[in-house]
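Below are the chains, spelled out letter by letter.
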Amino acid sequence: MEYNLADLFESVVDVVPDREALVYVDHPGTGSERRLTYAQLDAAANRLAHHLLDSGVRPGEHLGLHLYNGVEYLQTVLACLKARIVPVNVNYRYVEEELVYLYRDADLAALVFDSEFTDRVAAALPRTEKLRHLVRVGTRPEDGAAAPGPACTDFTDAEASGSPERGFPERSGDDLFIIYTGGTTGMPKGVMWRQEDLFFAGLFGGEPAGEPVKRPEELAERVAARGAGITFFPTPPLMHGTSTLTSFVAFNYGQRLVLHRKYVPEEVLRTIAKEKVSSVSLVGDAMLRPLVDALHGPLEGTDLSSLFSVSSSGAIMSDTVRAQFQALVPHVLLLNNFGSSESGSNGKATDDSGPERGFRLEVNERTRVVDPVTYEPVPVGVPGRLAQRGHVPLGYYNDPVKTAETFFRRGDERWVLLGDMATVGEDGIVTVLGRGSQCINTGGEKVYPEEVEQALKSHPDVYDALVAGVPDARWGHHVAAVVQLRAGAEALDLSAVQSHCRSRLAGYKIPRRLVLTDSIQRSPSGKADYRWARSVASAEHDGS
């Protein structure tokens, strides 16, 4: 047995087959739900894996998951891992041209997709010559007629055609798992992970709160010795790596996972109460603030006594919104985790992180701040780039140039150079300045959007905000704020924003332009769309 995700999952199934593994709520509030034990989920994944192999999808080929959250998503991922087929996440917001790019860049041989996306899949298919096997999830026409769209297999038929038994070829810790990045700063890139590396870097070696396992068999031994009682609830879409990895953390721990098809704040709170959820994961203020609003309003008094922690990855929960949530649910631990598709987990924010001291991290032993040219560790207080060593990806799929720019070796160790600028203090705490690609250079001074956004969101009338650089004839760029006001808030003007920020930010960081918008555009997971923010701010600038 190796550190292979399918081998590890099956070892857990064998020791707790009758334990509940997955609770899926299709349409919150309707009572429509599915519950599967570990043995039932294992058998369902076996059936689909055998169907894929019987249909000619070969080990090592790539399968895309163009799906909303659901049992089918995790069942398909597990089926791929069992059959040594490489799962590839597909952003369901993509339109035809983006899908053509991703389907082709990822060399997809097969696709499992939700019926809602039939038209987009059909439009992209003629230009994706390697994609030959399609499985569609969704309701078939009641009259028995063929469903519209491209020729494909119905998911229920695919599942029914396969054997529920295992019987798969031997697997390896070298088997691949590809995570496509969101592409908010460029075209999406497929991060290639060896499963053994992903297990330790992204799944905490099977032990999120303690020592990683020292041999593969130890995972099931720990599960057998540990009782049930912990329920994980990843609320962002599974198409983003964080939620899928959270699901596997739950499975490796032998615990229960809860899923909703889509994020509906009120129903998230109801499910926490009903299912006695222990741990919720989300992405920043875009998901936490609606929970605060619901607890102040229609869901006031909801029983959240089972909830132990709320963690965020991919975006920061600001001081302001964290404090609002903490006042309502004081017993819950709020964690700003830090990581990426290229590194897995890097660490978590300190309790004193905030606009005044910056986003401060307690990093793990594999994370360093290095000079981006020499790769040597930077001195205390000198800006550098975050980097991680050891269990890191092999590179970007189909992109040797970007791989060479991002991944390097020092001695016998592999390293990945991340996009985040940072400094390290005397105490070893790392202060993250922000994404280098989003840094605003104004008159030679560097401004990182996240710091300004935190200051803006501490204003009582600001619901959400993104910050971008706008071209400036004198300074090169100046800081522009794109702001969504709270419902019922008075109109906010630039002078009020500047006055609010002056006590929190140096003068060169204060926004010189304010654009009010009805809503801030983010990905379904809550990640910032800085290309959109820059476009909105620039359009306002050009029209002034």
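The shown structure was predicted, so the numbers you read here are calculated from the model rather than taken from an experiment.

Draft legend 1. Seen up close, the packing of helix α3 (residues 71-83) against helix α9 (residues 241-252). Contact pair α3 / α9: the axes reach a minimum separation of 12 Å and the direction vectors enclose 75°. With respect to each other, α3 and α9 are oriented roughly perpendicular. Each of Tyr73, Leu74, Val77, Leu78 and Leu81 in α3 lies in contact with α9, whose residues at this interface are Thr244, Ser247, Phe248 and Phe251.

Draft legend 2. Seen up close, helix α14 (residues 449-457). Most of α14 is tucked away: seven of the nine residues are buried. Within α14, burial applies to Pro449, Val452, Glu453, Gln454, Ala455, Leu456 and Lys457.

Draft legend 3. Region of interest: the pairing of strand β25 (residues 462-472). Where burial is concerned, most of β25 is hidden: eight out of the 11 residues are buried. Sheet topology note: the β25/strand β26 (residues 476-485) ladder contains 10 bridges and is antiparallel. In the sheet register, Gly469 faces β26, and the bridge partner there is Val479. Hairpin connection of β25 to β26: three residues between the antiparallel strands.

Draft legend 4. Examining the environment of Val280 more closely. You can see Val280 is positioned in strand β12 (residues 279-282). Assessed through its relative accessible area of 2%, Val280 is described here as buried. Taking the C-alpha atoms as reference points, Val280 and Arg512, separated by 232 residues in sequence, lie 37 Å from one another. Val280 has contacts with Phe233, Thr235, Ile272, Leu307, Ser309, Val310 and Ser311, leaving out every residue within four places of it along the chain.

Draft legend 5. Quick look at the nonpolar core. Judged by nonpolar contacts, the single largest core of 100 residues is most densely connected at Tyr103 and Phe199. Ranked by residue count, the leading element in this core is α3, at nine residues. Filtering out sequence-adjacent residues up to four positions away, Phe199 remains in contact with Tyr3, Leu5, Leu8, Phe204, Gly205, Gly206, Val213, Leu219 and Asn252. Of all hydrophobic cores here, the second largest spans 27 residues; its members include Leu288, Leu295, Leu299 and Val332.

Draft legend 6. View of empty space enclosed by the protein. Summed over the entire model, instances satisfying the criterion amount to three cavities of 30 Å³ or more. Space inside the largest cavity adds up to approximately 80 Å³. Lining the largest cavity are 14 residues; nearest its centre among them are Tyr73, Asn89, Phe177, Ile178 and Thr244. Contributions of two or more residues to the lining of the largest cavity are made by α3, β4 (86-89), β8 (176-180) and α9. Taken together, the residues of the lining of the largest cavity break down into 10 nonpolar, four polar and no charged.

Draft legend 7. Spotlight on the packing of aromatic side chains. Considering all chains together, one arrives at 13 aromatic pairs under this definition. For the pair Tyr3 and Phe199, a centre-to-centre distance of 5.4 Å together with 25° between the ring planes defines the contact as stacked. Of this pair, Tyr3 sits in the segment before α1 (5-15) while Phe199 is found in helix α7 (residues 195-201), placing the two residues 196 residues apart along the sequence. Each member of the pair, Tyr3 together with Phe199, is buried. Ring geometry for Tyr396 against Phe407: centres 5.5 Å apart, planes inclined by 70°, an arrangement best described as edge-to-face. Remark: Phe407 occurs in strand β20 (residues 407-410) and Tyr396 occurs in strand β19 (residues 395-396); sequence separation between them is 11 residues. Residue Tyr396 is classed as buried on the basis of its relative accessible area, which comes to 5%. Classification of Phe407 as buried rests on a relative accessible area of 11%. Aromatic ring contacts, followed pair by pair, group Phe9, Tyr38, Phe248 and Phe251 into a single cluster.

Draft legend 8. Molecular detail of the side chain of Ser172. Tracing the backbone shows Ser172 in the loop between α6 (155-161) and β8. Within the local environment of Ser172, its side chain forms a polar contact with the backbone nitrogen of Asp174, the two atoms lying 2.9 Å apart. With near-sequence residues (within four places) excluded, Ser172 lies in contact with Glu2, Asn4 and Arg84.

Draft legend 9. A look at the sheet that holds strand β27 (residues 513-516). Read across the sheet, three strands follow the order β25-β26-β27 without closing on themselves; strand pairing throughout is mixed. Of all the strands in the sheet, just β25 and β27 have a single pairing partner and so form its edges. In this sheet, adjacent strand axes meet at a mean angle of 25° when their direction is disregarded. Taken together, the four bridges between β26 and β27 define a ladder with parallel strand orientation. Across the sheet, Ala480 pairs through a bridge with Arg513, a residue of β27.

Draft legend 10. The arrangement of unusual backbone geometry in detail. A positive phi is found at Asp107, a non-glycine position, where the angle reads about 55°. Considering the arrangement of structural elements, one finds Asp107 in the loop between α4 (96-105) and β5 (108-114). Positive phi, normally seen in glycine, also occurs at Asn398, with a value near 60°. The exposure class of Asn398 is partly exposed, given its relative accessible area of 45%.

Draft legend 11. Representation of the environment of Pro372. Looking at where Pro372 falls in the secondary structure, it is placed in the loop between β17 (367-370) and β18 (384-389). Looking at Pro372, the relative accessible area reads 34%, which means it is partly exposed. For Pro372 and Leu53, which are 319 residues apart along the polypeptide, the C-alpha to C-alpha distance reads 44 Å.

Draft legend 12. Structural detail: the side chain of Lys457. Within the element layout of this structure, Lys457 appears in helix α14. Using a relative accessible area of 6% as the deciding quantity, one classes Lys457 as buried. In terms of polar contacts, Lys457 uses its side chain to reach the side chain of Asp285, at 3.1 Å. When near neighbours in sequence (up to four residues on either side) are disregarded, Lys457 contacts Asp285, Arg289, Ser318, Thr320, Val462, Asp464, Ala465 and Arg522.

What counts as what
Along each chain, numbering runs from 1 in the same order as the chain's sequence is written. Restriction of local features to residues with pLDDT of at least 70 applies here, the model being predicted, together with a cutoff of 80 or more for giving and counting side-chain atom pairs; totals for whole chains, interfaces and linings are based on all residues. Hydrogen atoms and water are omitted, and side-chain values are computed over all heavy atoms in the structure. Structural elements are reduced to axes, namely lines fitted to C-alpha atoms, with helices fitted over the stretch in contact, and the angle between N-to-C directions of any two is expressed from 0 to 180 degrees. The way it works is that DSSP assigns letters per residue, a run of H or I at least four long becomes a helix, a run of E at least two long becomes a strand, and they are numbered from the N terminus. Comment on the angle field: the value is read as roughly parallel under 35 degrees, roughly antiparallel over 145, roughly perpendicular from 65 to 115, and oblique elsewhere. By the convention used here, residues are in contact when the closest approach between their heavy atoms is within 4.5 Å. Exposure categories follow from relative accessible area, calculated using a 1.4 Å probe and restricted to protein chains: below 20% of the type maximum is buried, above 50% is exposed, and the middle band is partly exposed. Between any two strands, pairing holds if DSSP finds at least two bridges. Residues belong to one nonpolar core when they are buried, are Ala, Val, Leu, Ile, Met, Phe, Trp, Tyr or Cys, and are joined through side-chain atoms within 4.5 Å. Of the two site types, the cavity is a set of points on a 1 Å grid over the protein atoms alone where a 1.4 Å probe fits but cannot get out, and the pocket is an open set with protein on both sides within 12 Å along at least five of seven lines, each lined by residues with an atom within 4 Å of a point. Grid points are joined across faces, edges and corners, and a volume is the space filled by probe spheres set on the points. Residues are grouped as follows: Ala, Val, Leu, Ile, Met, Phe, Trp, Tyr, Cys and Pro are nonpolar; Asp, Glu, Lys and Arg are charged; all remaining types, including Gly, are polar. Pairing of aromatic rings covers Phe, Tyr and Trp, the last through its six-membered ring, and needs centres within 6.5 Å; plane angles under 30 degrees mean stacked, over 60 mean edge-to-face, and all others mean tilted. Polar contact is the term for a pair of N or O atoms within 3.5 Å; when the atoms are in protein, one must be able to donate a hydrogen and the other to accept it, and sequence-neighboring residues count only if both atoms are side-chain atoms.

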